[in-house]
Structure formats: C-alpha cells, structure tokens
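Coordinate inspection notes
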Amino acid sequence: MTYTDLMPFAGSPIDFCETRRSPDELQAFMAKPAARAILFHKGQPAIDAQGKLIRIHPSELIGQNLVDPHVIFLGLEGERPIFVGNLQKNDAVTLEKDFQNLRAAGGHLSADELSMAGRAKSILDWHFQHPFCPKCAAPTNPGEGGNKRICSRETCAAEHFPRVNPVVIMLVVHEDKLLLGRGHGWPEGSMSALAGFVSPGETIEEAVAREVEEESGIKTKNHRYIASQPWPFPSQLMMGIISDAINTDIVVNKDELEDCRWFTREEVKAVFDKTGDAFLRPPRVTIANQLMKYWVEQG
C-alpha cells in the first residue's frame, strides 16, 4: 500500500512552474488554445453534473465579475496551462447550483481533480486572509500568477508567500486497542484520531506527545511517521503518526474533547467493513480514515 497514490488531496498532476511565472510567460500560457480555468466562488469549486470540475478557456473570464485575486495560475497539467477564476458572484459563466462545498463533494471528484481543487482552495484562502502587509499594513497585490503578494507601498515592497500550517494527527495504540476522540459539536457517534498544531520550537514527536497528553492524559512513546496529507480546510499539512501508549487510563480534557475512548482492532475493522457500528468513521477524504484503515490492515 502506497500513500502517494491513495491519500486524498495529494498526488497533484500539476507542475507548479515556480520559475516560469513572468508576465510574458503567464500571458503566453493564458493564450494557449488548450488552456483551461476552473472556477471558484467563495471558496467553493464549480462541479458539473458528472462530478467533474467545470473548465472553461481563460478568455471566457473576460468581462466576468471577479474578485482579488482575479485569476491565479496553478501550473501545467501535462502541456495544458491550468488557471483558477475567482468569481465574485454567479453569472453567465455557470449556475449557482454548480458551486459545491469541497469537503462534501470531495468524495466524488477524481484523485487528480481533488488535488487540483484542494491546491486552488488553499491558495485562494491565503490571498483572502492577507490583503494587507504584515510589516507596514499597506494593501498588498497578487504577483507571479498568485504565487505571492507584494506590498503596494514602494518604501516597503515586502513579498509574502503562501504558508501551510503543520498539524500532527496521531493514532495512539496499546496492544490491540486504538485511542480515538470526539470533538465538540461533531455528529453523534463520530470518532477520529487525535490531532493538533505544532507549536514553535517543537519537533513532530514533541507535538504528538504534548497534544495527546493534553487531550487525553495518555503519555506516548515510539512515534512512527506513516504519511502526510495537504488539507485545505484551511491550508494545513497533516502529518500522520502512530504512537505507543505508556499508560491507558484516560483523563478527558473537556475543553478539547467531548469524549475519548479505546476501541479494539475488531471494533475498528467492523466499522470499516460496515459490519459494526461502534462509531462513525471519519470521511474517506481524511488522513484519519486512511491511517485507521492502515492500522487495521497491519494487524
């Protein structure tokens, strides 16, 4: 089993063209007959009735009501330039019903289109959240086809680049049992792997140990990296870890979790086989789902 091929939102077919983003190059890419633009409105992609991203030629965006950043260049899909049109409102380009929540619709997109839409959403969200320069507070403008933002104040002219937030997500195991938690407000019965942001000055292993103990009172050791996932809700890099529990008595931090429990491998396997209902498994597009399935199969 290889996670390069299986992990949702990963395995992008796009060459990001980091060194081919001059104004002349971007114009040439946009003018190619094969060029296509996918469409977003308020962070949601336009998806057709067949479950595919709606694609149009970038020239069809001329005269449409666009919002900053109007158009971003994702890169090359083979020889095909791929752009993103950021629509301010629905108009003649597409219909309102075509824009769908990516988290909900993700299970219906192909692996390539899911990774493409995830990258687009992450970049668009970053632009939306950084309209002003953090150094001098002047407005910023997109540059290099959306690859950065540049301060508009000449005396500053600081350049700012998209960032991802590092997050550890971990399966804590003890013998043949798995520790799962439930967040506040989750659907009834839902359980998932524990997770948390990496703090400044922490290693991945230190973040795992801290987060697990904070949320459940369980101390851990033997942290093993399994896989990672780009997660655009918002822009995060989920780093999947399996750790061994040192103790087993759970002390739930009610500020962090609603519930936290041990489940046997048989119970987890039955949930994935749809022969048991000990809990509701995480959605297929999540790394939590993939890690839990991996743990079951390794038993």
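The structure contained in this document is the topic of the report that follows. (Residues numbered from 1 in each chain as written. Predicted model: local features only at pLDDT ≥ 70, side-chain atom pairs only at ≥ 80, totals over all residues. Heavy atoms only, no water.)

Here we take up the layout of surface pockets. Put simply, the largest pocket is a space of about 690 Å³. Considering the residues around the largest pocket, the lining is formed by 31 residues, among which I169, W186, S192, A193 and A195 are closest to the centre. Elements supplying a minimum of two residues to the lining of the largest pocket: β10 (165–174), β11 (177–182), β12 (194–197), β13 (220–232), β14 (235–245) and α7 (287–298). Sorting elements by how many residues they give to the lining of the largest pocket places β12 first, with 4 residues. (1 Å grid on protein atoms, 1.4 Å probe; cavity = no way out; pocket = protein on both sides within 12 Å on 5 of 7 lines; lining within 4 Å. Points joined across faces, edges and corners; volume = space filled by probe spheres on them. Helix = DSSP H or I, 4+ residues; strand = E, 2+ residues; numbered from the N terminus.)

Burial analysis of strand β6 (residues 80–87) places 7 of its 8 residues in the buried class, the great majority of the element. Across 6 bridges, strand β2 (residues 36–41) lies against β6 in parallel orientation. Along β6, the bridge assignment pairs A37 with F83. Bridge count between strand β5 (residues 66–77) and β6: 7 bridges; the pairing is antiparallel. If you follow F73 over to β6, its bridge partner there is F83. Hairpin remark: β5 followed by β6, antiparallel, with 2 residues in the connecting loop; positive phi at G78, about 70 degrees. (Buried < 20%, exposed > 50% of the residue type's maximum accessible area, 1.4 Å probe, protein only. Pairing = 2+ DSSP bridges.)

Regarding helix α6 (residues 265–273), the residues found buried are R265, V268, A270, V271 and F272. For α6, the secondary structure elements touched by its buried residues are β11, β15 (259–264) and α7. Positioned one or two residues after α6, K274 has a phi angle of 65 degrees, which is positive. (Contact = heavy atoms within 4.5 Å.)

Ranked by internal contacts, the top residues of the largest apolar core, which has 47 residues, are I38, L74, V84, L171, L178, V268 and F279. Once residues within four sequence positions are removed from consideration, F279 is found in contact with L180, G189, M191, F263, V268, V271 and M292. (Core = buried A, V, L, I, M, F, W, Y, C linked by side-chain atoms within 4.5 Å.)

Moving on to the packing of aromatic side chains. In this structure the tally under the stated criterion is 6 aromatic pairs. When the centroid spacing of 5.8 Å and the interplanar angle of 75 degrees are considered together, the rings of F9 and F233 count as edge-to-face. With a gap of 224 residues between them, F9 in the loop between α1 (3–6) and β1 (14–15) and F233 in the loop between β13 and β14 connect regions that are remote in the sequence. Residue F9 is classed as buried on the basis of its relative accessible area of 6%. Judged by relative accessible area, which is 17%, F233 ranks as buried. Judged by centre distance (5.0 Å) and plane angle (40 degrees), the rings of F73 and F83 are tilted. Linking F73 in strand β5 with F83 in strand β6, this pair joins segments that are 10 residues apart in sequence. (Phe/Tyr/Trp six-rings, centres within 6.5 Å; stacked < 30°, edge-to-face > 60°.)

Disulfide: a covalent bond formed between the sulfur atoms of two cysteine residues. Inspection of every chain in the model, using the stated rule, returns 0 disulfides. With no disulfide of its own, C151 lies 3.4 Å from the sulfur of C136, the closest cysteine sulfur. Owing to a relative accessible area of 5%, C151 belongs among the buried residues under this scheme. (Disulfide = S-S within 2.5 Å.)

Turning to the pattern of salt bridges, a few remarks are in order. Taken as a whole and judged by the stated rule, the model has 16 salt bridges. Of the charged contacts in the structure, one is a salt bridge between D125 and K121, with a shortest N-O distance of 3.1 Å. On the criterion of helical spacing, the pair formed by D125 and K121 is a turn pair, its members being 4 residues apart in helix α4 (residues 111–129). Taken as a pair, D125 and K121 share a single burial class, namely buried. With a shortest N-O distance of 2.6 Å, K219 and E213 are connected by a salt bridge. On the basis of relative accessibility, which here comes to 41%, the residue K219 falls in the partly exposed class. Where salt bridges share partners, they join E202, R210, E211 and E214 into one cluster. (Salt bridge = Lys/Arg side-chain N within 4 Å of Asp/Glu carboxyl O.)

Take unusual backbone geometry next. Apart from glycine, the bulk of residues carry a negative phi angle, and the bulk of peptide bonds sit in the trans form. Look at the link from D68 to P69: it is a cis peptide, with omega at -10 degrees. Position of P69 relative to the elements: it lies in strand β5. The residue after F233, namely P234, is reached through a cis peptide bond having omega -5 degrees. Note on placement: P234 falls in the loop between β13 and β14. Positive phi, normally seen in glycine, also occurs at A157, with a value near 55 degrees. Within the fold, A157 resides in the loop between β8 (148–151) and β9 (159–160).

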